[in-house]
Amino acid sequence: MAGLASLAFGLLAAVSLGSYLGTQVAAASASTVAMITLWGTAVRSLGTMVLIGGAPAGLVAMAFGVVALVRNGRIGKGCGLAGFLLGGVALVWIAIAVAPQFDILV
C-alpha cells in the first residue's frame, strides 16, 4: 500500500509542477496586455498551488517511498522507488523553477 501511495503522491507533485511550467510557457507567448495580465495571474495562482500542495506531496511521496522500499514486496518496492524518485525530482524542480519566482529560498 505504501508503494502505491508513494506513486500517487509523486504524481500529484509532478502534475501540479507540470501545470505551472505549462502556464509559464503560455504566458511567455501572450501578445496583448489583457492576455499578459490573465496569464500572469494564472502563473501566480498555480505557483502558489505548487508551493502549498506540490512540495508537501513530494515530501510525502518520498516518505512513503522509503517505507515501501523497507517493508514491501517486489511490486511495492518498484512503486515506492518510482514515487520516491518522482517526488524528489518534483522537489528539485520546485526549488529551481518555482521558489525563485516567489522570493523563497533566496
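Here is what the cut-offs are and how they apply
Residues numbered from 1 in each chain as written. Predicted model: local features only at pLDDT ≥ 70, side-chain atom pairs only at ≥ 80, totals over all residues. Heavy atoms only, no water. Helix = DSSP H or I, 4+ residues; strand = E, 2+ residues; numbered from the N terminus. Buried < 20%, exposed > 50% of the residue type's maximum accessible area, 1.4 Å probe, protein only. Contact = heavy atoms within 4.5 Å.

Novice: Give a description of the environment of I96 that names residues and reports values.
Specialist: Assignment of secondary structure puts I96 in helix α3 (residues 74-98). Judged by its relative accessible area of 53%, I96 falls in the exposed class. Placed 78 residues apart in sequence, I96 and G18 show a C-alpha to C-alpha distance of 13 Å.

Novice: Which residues make up the environment of V50, and what values go with them?
Specialist: Inspection of the secondary structure puts V50 in helix α2 (residues 33-71). Ignoring anything within four residues of it in the chain, the contact list for V50 reads S16, L17, Y20, A55, I94 and V98.

Novice: Could you give an account of the side chain of S6, naming the residues involved and the relevant values?
Specialist: Residue position: S6 is located in helix α1 (residues 2-28). A residue is classified by how much of its surface remains accessible, and S6, at 0% relative accessible area, is buried. Leave out the neighbours within four places in its chain, and S6 touches A61, F64, G65, C79, G80, G83 and F84.

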